[in-house]
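Spelled out from the first residue to the last, the chains are:
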Amino acid sequence: MISIRNVSHSIDHHPILHDVSLDIPRGGITALIGPNGAGKSTLLSLVARLAALTTGEISVDTLQIGKCKDRDLAKVLAIMPQSTQVSSRLTIRDLVGFGRYPWHQGHPGPEDREKVEETLTRFGLEPLAHRFLDEVSGGQKQRAFAAMAYAQSTPYLLLDEPLNNLDIAASRSLMRLLRDMAEEDGKTILIVLHDINYAAAFADRLVVMKEGRIAADGKPEKVVSAKLLYDVFGTDAPVCMMDERPVVLV
Amino acid sequence: MLRNRFLILGTLLALSVVGYMTLGAVGSWSFLIPFRASKLAALALVSVCLAVSTVLFQTITANRILTPSVMGFDALYVFILTAIVHSFGAAGYAAIPAPLLFVMNLVLMTGMGLVLFSLLIKGGRGDILKMVLTGIVLGILIRALTGFLQRMIDPSEFQTIQSVSFARFTYVDKLNLAMAAVVALPALVMAWRMRHRLDVIALGPVAATGLGETPKRGQRQALVLICLLTASATALAGPMSSGGAGPSSFFGLIVAALAHMITPSYKHSVLLPSAAMLACITLIGGQTVMERVLHLSTPLAVVIEVLGGITFLILLLKRRMA
């Protein structure tokens, strides 16, 4: 379980999060949604220890963020970086191989290589394995990053707006992959999403944030409503139900 | 492919070493061998230090056209020299025992580097840029102060400064060499031990954190090593850039760029040795050709500056086109 307790955070004296507490039990996809500046990315980066936690406590299973060793945490919690955040010229196989780093610290053994090959097969990346990251499409690149996070073999996975700059086909295929990872491998996925429709279609639980606080929390069909859109996002878009999933008409 | 290229580099390196030791020998071998060997050791130490520190610096700044010399190490060296000559005169400078001067240079340069780098610790990735800019501005300040002092110095004493503000390998003090080695060799070993962590840090802060590396800690450790390596190389041989007044030392830039070209890999276990070997080939081979084959008196540093300038422009233009 990821447990967030009384977390507040300010950036340059501007308060971003106000006393946020949230529990994310093992299993399923939890999506953080909310308008720009609501603090969802900040909350995720605190869990990911990309920003230093100042007030409150966050723990992942038995490991407490800020107190435990980063190396130990990396075996439990994977972060899927955005492709724009990675600079090196790597092949897809090299990138997926890096996912094993927390386990071998630079000296991969046979089981690490096996895991990399298995991951490449599972993500359909074998034909592209020798290609460099800057030679493949945005969707394939994002798939490679998901594969890297998968190869890390952690029970938890964090993603910050992975659908940025992806077209509809690539977005759906990435969300489908995450869905498979949650269902087949029992991974717990915490994801920040911009698009409520993607969140409602693929997540098990939505946590809606507004002005640094949690405004709503629950199953998509319970949370997404015209009233929520008006209250939290300040827009009057209609919501209808399709196949028991709420859809926002834009 | 990499294996063959390393074989070629090894052969070239062996050729330059043998050429340096044997070509143009005059007099008895029993004198020549130890005399040339100590110069060779100094050349090799300086090459490896500058190559490794440049690769480390480029990795932690995520920038292929920066070298640690933007931090103004060379400028500080010339400033210390000028300040001493200004205060005590050329005779006073000559009277300072070489080991004391060496230790002073080493301590001051490492100290300044660390002060500058501690600015970095406070922030995120953007602060590397701030640090580099601070270093450049500080370098300009130091150069201006140096120029000011030099204008007030007796012209004959100014000659003293000029003659020692180029990297030189004509005479190597064995004690200085030993002291530089004592500082540089452990730093090199530590840089080598960081190689896998550097691969991960090169992925960028988000990916590195996710994989359990703390980028800031790695950057800090690398910066300490860079300070020690650059300072000991400069204290041993003098500044590699043009009299401490050039825009940057292009030597590190050339060898790092060549290493990326000749042995393309993201792995520091490839890049570090390849850059180090290329540096030795450039410096030892270059020195052999200049001194023994062409009998030129032009300092090698000048030739390296010219070639380095061209490399720098090519790198810039390539980036723009890419």
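This structure is a prediction, so every number in the text was calculated from the model and none was measured. (Residues numbered from 1 in each chain as written. Chains lettered and ligands numbered in written order. Predicted model: local features only at pLDDT ≥ 70, side-chain atom pairs only at ≥ 80, totals over all residues. Heavy atoms only, no water.)

*Asks:* Pulling in residues and values, what's your account of the pattern of salt bridges?
*Replies:* All names here are of chain A. One pass over the structure, following the stated rule, counts 14 salt bridges over all chains. Among the salt bridges present, the one from Lys115 reaches Glu118, with a minimum N-O distance of 3.9 Å. With Lys115 and Glu118 both in helix H5 (residues 110–122) and 3 residues apart, the pair spans about one turn of that helix. A relative accessible area of 17% places Lys115 in the buried class. One salt bridge in this structure joins Asp217 and Arg205, with 2.8 Å as the shortest N-O distance. You can see Asp217 sitting in strand S10 (residues 213–218) and its partner Arg205 sitting in strand S9 (residues 205–210), a full 12 residues away along the chain. Exposure remark for Asp217: the relative accessible area of 40% places this residue in the partly exposed category. We classify Arg205 as buried; its relative accessible area is 18%. In this structure, a network of salt bridges that share partners links the residues Arg122, Glu184 and Asp185. (Salt bridge = Lys/Arg side-chain N within 4 Å of Asp/Glu carboxyl O. Helix = DSSP H or I, 4+ residues; strand = E, 2+ residues; numbered from the N terminus. Buried < 20%, exposed > 50% of the residue type's maximum accessible area, 1.4 Å probe, protein only.)

*Asks:* Can you lay out the sheet that holds strand S5 (residues 63–64) of chain A for me, pointing to particular residues and giving the numbers?
*Replies:* All names here are of chain A. In spatial order, the strands read S2-S1-S4-S5; together these 4 strands make up an open sheet with antiparallel pairing. Since the sheet does not close on itself, it has two edges, and those belong to strand S2 (14–24) and S5, each with one partner. In this sheet, S2 lies alongside strand S1 (residues 2–11) in antiparallel orientation, the contact comprising 7 bridges. Note on S2: the bridge partner recorded for Ile11 is His14. (Pairing = 2+ DSSP bridges.)

*Asks:* A description of the nonpolar core should follow, citing residues and the corresponding values.
*Replies:* Of all hydrophobic cores here, the largest spans 79 residues; its most connected members are Leu45, Val52, Phe57 and Leu236 of chain B. One finds Leu174, Ile196 and Ala199 of chain A together with Leu211 of chain B within the second-largest nonpolar core, a separate group that totals 64 residues. (Core = buried A, V, L, I, M, F, W, Y, C linked by side-chain atoms within 4.5 Å.)

*Asks:* Now, about unusual backbone geometry: what can you tell me, with residues and values included?
*Replies:* Residues and elements named next belong to chain A. Although it is not a glycine, Ser153 adopts a positive phi angle of roughly 55°. For Ser153, the position within the fold is in the loop between helix H6 (138–151) and strand S7 (156–160). Ser153 sits in the partly exposed class, given a relative accessible area of 26%. One non-glycine residue with positive phi stands out, namely Glu244, at about 65°. Relative to the helices and strands, Glu244 resides in the loop between strand S11 (239–242) and strand S12 (245–248).

*Asks:* Tell me what's going on with the confidence of the model for chain B, and back it up with residues and numbers.
*Replies:* Residues shown with low pLDDT carry predicted positions that ought not to be read at fine detail. All names here are of chain B. Looking at chain B as a whole, its pLDDT mean stands at 82, while 89% of the residues score no less than 70. Looking over chain B, one finds the lowest element-wise mean pLDDT in helix H13 (residues 300–321), namely 73, and the highest in helix H8 (residues 195–201), namely 94. Across residues 242–248 the pLDDT falls below 50, and counting only partners more than four positions away or on other chains, this stretch makes 18 contacts in the model. (pLDDT = per-residue confidence, 0-100. Contact = heavy atoms within 4.5 Å.)

*Asks:* I'd like a rundown of H5 of chain A, residues and numbers included.
*Replies:* Residues and elements named next belong to chain A. Between its first and last C-alpha atoms H5 spans 18 Å; for 13 residues at 1.5 Å apiece the expected length is 18 Å, and the two agree. Among all positions in H5, only Asp112, Lys115, Val116, Thr119 and Leu120 are buried. Axial view of H5: buried residues confined to an arc of 135°, hence all on one face. Exposed side chains of H5 directed beyond 90 degrees from the buried face belong to Pro110, Glu111, Arg113 and Glu114. (Expected span 1.5 Å × (residues − 1). Arc of directions from axis to C-beta.)

*Asks:* Which residues make up the packing of helix H2 (residues 29–61) of chain B against helix H10 (residues 215–237) of chain B, and what values go with them?
*Replies:* Residues and elements named next belong to chain B. Relative orientation of the contacting elements H2 and H10 amounts to 150°, with a least axis distance of 9 Å. Classed by the angle they form, the pair H2 and H10 counts as roughly antiparallel. Crossing geometry of H2 relative to H10 is assigned as left-handed. For the pair H2 and H10, the contacting residues are Ala42, Leu45, Val46, Cys49, Leu50, Val52, Ser53, Leu56, Phe57 and Ile60 in the first and Gln219, Ala222, Leu223, Leu225, Ile226, Leu229, Thr230, Ser232, Ala233, Leu236 and Ala237 in the second. Among the residues making up the contact of H2 with H10, the classes are represented as 17 nonpolar, 4 polar and no charged. (Axes fitted to C-alpha atoms, helices over the stretch in contact; angles between N-to-C directions. Parallel < 35°, antiparallel > 145°, perpendicular 65-115°, else oblique. Left-handed = near helix turned anticlockwise from the far one by under 90°. Nonpolar A, V, L, I, M, F, W, Y, C, P; charged D, E, K, R; others polar.)

*Asks:* If you had to explain a nonpolar patch on the surface to someone new, which residues and values would you point to?
*Replies:* All names here are of chain B. The grouping of Leu23, Val289, Val293, Leu294 and Leu296 at the surface amounts to a nonpolar patch, some 410 Å² of accessible area in total. Inspection of the secondary structure puts Leu294 in the loop between helix H12 (268–293) and H13. Look at Leu294 and you get partly exposed, because its relative accessible area is 48%. (Patch = residues over 30% accessible without salt bridge, like charges linked within 9 Å, V, L, I, M, F, W, Y side chains within 5 Å. Areas by Shrake-Rupley, 256 points an atom, 1.4 Å probe, with all protein chains shown as cover.)

*Asks:* Let's hear about the pairing of strand S6 (residues 77–80) of chain A: which residues, and what values?
*Replies:* Residue and element names in this part refer to chain A. Burial of the side chains of S6 extends over both faces: Leu77 and Ile79 are buried on one face and Ala78 and Met80 on the other. Bridge count for S6 against S7 is 4 bridges, and the pairing is parallel. Within S7, the position partnered with Ile79 by the bridge is Leu158.

*Asks:* I'd love a proper account of the interface of chain A and chain B, names of residues and values included.
*Replies:* Opposite the 25 residues of chain A that make contact, chain B presents 19 residues. Of the roughly 1,800 Å² buried between chain A and chain B on both sides combined, carbon and sulfur atoms contribute 63%. Per-residue buried area on chain A facing chain B is highest for Asp70, Phe98 and Tyr101 of chain A; these three make up 29% of the total on that side. Our enumeration of links across chain A and chain B arrives at 5 residue pairs in polar contact (both at pLDDT 80 or more). Broken down by secondary-structure element, the contributors of at least two residues to the side of chain A that touches chain B are helix H2 (70–73), S6, helix H3 (92–98) and helix H4 (101–104) of chain A. Tallied by class, residues from the side of chain A that touches chain B come to 12 nonpolar, 8 polar and 5 charged. (Buried area = accessible area lost by both parts, 1.4 Å probe. Polar contact = N/O pair within 3.5 Å; in protein donor to acceptor, adjacent residues only side chain to side chain.)

*Asks:* Can you break down the sheet that holds S9 of chain A residue by residue, with the values?
*Replies:* Residue and element names in this part refer to chain A. Taken together, the 6 strands give an open sheet; going across it, the order is S6-S7-S8-S3-S9-S10, and neighbouring strands pair in mixed fashion. Of all the strands in the sheet, just S6 and S10 have a single pairing partner and so form its edges. Across the sheet, the axes of successive neighbouring strands diverge by a mean angle of 20°, strand direction being ignored. Packing of helix H7 (residues 168–184) onto the sheet brings it into contact with strand S3 (28–33), S6, S7 and strand S8 (188–192), and relative to S8 it is tilted by some 150°. With respect to the sheet, helix H10 (residues 226–233) is in contact with S9 and S10, its orientation differing from that of S9 by roughly 35°.

*Asks:* Which residues make up the pairing of S8 of chain A, and what values do they have?
*Replies:* Residue and element names in this part refer to chain A. Most of S8 sits out of view: 5 of its 5 residues are buried. Sheet topology note: the S3/S8 ladder contains 5 bridges and is parallel. Directly across from Thr30, in S8, lies its bridge partner Leu190. Note: S7 against S8, 5 bridges, orientation parallel. Looking at the pairing, Tyr156 lines up with Thr188 of S8. A crossover connection joins S7 to the parallel S8 through H7; in handedness this β-α-β unit is right-handed. (Right-handed = clockwise from strand over helix to strand, strands pointing away.)

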